[in-house]
Amino acid sequence: MSSFAYFIKESLRGFARNLSTALGSIVTIFLSLLIIGIFFVGGIVVERVVSSIENEVSIAVFLADDAPESDIQTLENYIKGLDGVASVGFTTKEQALDNFRNSMTSNPEIIDSLDGQNPLPASIDVELSDPQLVEQVASSIRENTTFQKIYGYNTAAESLKYGQQTVQKLFDLTSAVRYVGIALIALLIFIAMVFINNTIRLAILARRKEIAIMRLVGASNGFIRGPFLMEGALHAIIGSLLAVGMLELLRNLALPKLQSALQFLPLQLDLNSFLMIYAALILAGLIIGLFGSALAMRRYLKV
């Protein structure tokens, strides 16, 4: 206990002695962890938005008006047996027109221009259990011999609608966000560790005579390292607590306004999600502080 109290006392003394560099280190850790925390929150939101969009991914299989009932049933049974298919429904020409009419209530002139004609084809509606398999399912339907006989538009490709380009862009965006996030987090952690390293190095240089005397009187390596590790941890804890405080402020002030402005997006995050992020930031800050201090001591103290 006496050694621990000594470590705290010496770390506070080192903090006061190198106040400007210590503040620079704390600010760097604060900004780095704040950006990482914001990215974590944004990452959770993006994942929820992507998941909600993925859940809407479906395939519409348009059929010819003269398609025999037996062929339609055969195709439905084939689609039901494909991996990744959750359910299969059927929309008649009349139902398709009714759906279109209901969606065009603000533009009734479009319905009037049809002059009682129904240009919309019947369709088989395919809901997916795994949106990632949309291309695989669509390809299997496209190559089916029954579908080749009864597709509704000019080509088989035109008769399958599932937002091909949109779906692919969605999956590409998700992957890109993950890779960019990992690279950004790694860069910010590296910058924070560099500042911690430099701060502890200056503290070691300022106390080099005292360290030499401690070695002469037989002080152990652990006793010499303790105050510097404690100082690095002190910088990290202060910086991480500032980051947590700022995120909590944003959660209470900015997030509700963002939710009200973007009600069509699933931006609701419960308190447990934030608490997990806060705990991760404090732990990450502590690891950064201790590791950065250890690197500085390994290079300059040789202990």
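Refer to the structure printed above.
Per chain, the residues get numbers from 1 upward, laid out in the order the sequence is written. Local features are withheld for residues below a pLDDT of 70 in this predicted model, meaning they are given only at 70 or higher, and side-chain atom pairs are given and counted only at 80 or more; totals for whole chains, interfaces and linings count all residues. To get the side-chain values, take all heavy atoms of the structure and skip hydrogens and water.

Let's talk about the pairing of strand β1 (residues 58-62)
Within β1, four of the five residues are buried, which leaves the element mostly enclosed by the surrounding structure. Strands are treated as partners if at least two bridges between them are detected by DSSP. Helix and strand assignments come from DSSP, with helices taken as H or I runs of at least 4 residues and strands as E runs of at least 2, each series counted from the N terminus. Here five bridges tie β1 to strand β3 (residues 123-128), and the two strands are oriented antiparallel to one another. Residue I59 lies in a different strand from β3, and its bridge partner there is V126. As defined by bridge partners, β1 adjoins strand β4 (residues 160-161) across two bridges and the pair is classed as antiparallel. Residue pairing for β4: A60 is matched across the bridge by K161. Three exposure classes are used, based on accessible area relative to the maximum for each residue type with a 1.4 Å probe and protein chains only: buried under 20%, partly exposed in between, and exposed over 50%.

Considerations on the environment of H235
Assignment of secondary structure puts H235 in helix α10 (residues 221-261). H235 sits in the buried class, given a relative accessible area of 0%. Along the primary structure H235 and G285 are separated by 50 residues, whereas in three dimensions their C-alpha atoms are 8.7 Å apart.

Digging into the nonpolar core
Among buried residues, those of type Ala, Val, Leu, Ile, Met, Phe, Trp, Tyr and Cys that are joined through side-chain atoms within 4.5 Å constitute a nonpolar core. Within the largest apolar cluster, 24 residues are counted, with the highest numbers of intra-cluster contacts made by I29, L33, I36, F274 and L281. For this core, the secondary structure elements donating two or more residues are α2 (19-54), α8 (164-206), α10 and α11 (271-300). At eight residues, the largest contribution of residues to this core is made by α2. L63, V88, V126 and A138 belong to the second-largest nonpolar core, a separate cluster that totals 23 residues.

A few points about helix α6 (residues 134-142)
An α-helix turns once every 3.6 residues. As a result, residues three or four positions apart point the same way. Taken together, the buried positions of α6 are V134, V137, A138 and I141. The arc that holds the buried residues of α6, viewed along the axis, is 95°, so those residues lie on one side. Read the arc as the range of directions from the helix axis to the C-beta atoms.

Quick look at the sheet that holds β3
Strand order in this open sheet of four strands is β2-β3-β1-β4, and the pairing throughout is antiparallel. Looking at the sheet topology across the chains shown, the edges are occupied by β2 (85-91) and β4. In this analysis, two residues are considered to be in contact whenever any of their non-hydrogen atoms come within 4.5 Å of each other. Interaxial angle, 0 to 180 degrees, is taken between N-to-C directions of lines fitted to C-alpha atoms, where a helix line uses only the stretch in contact. Sheet strands touched by α6: β1, β2, β3 and β4. Its angle to β1, the strand with the most contacts, is close to 15°.

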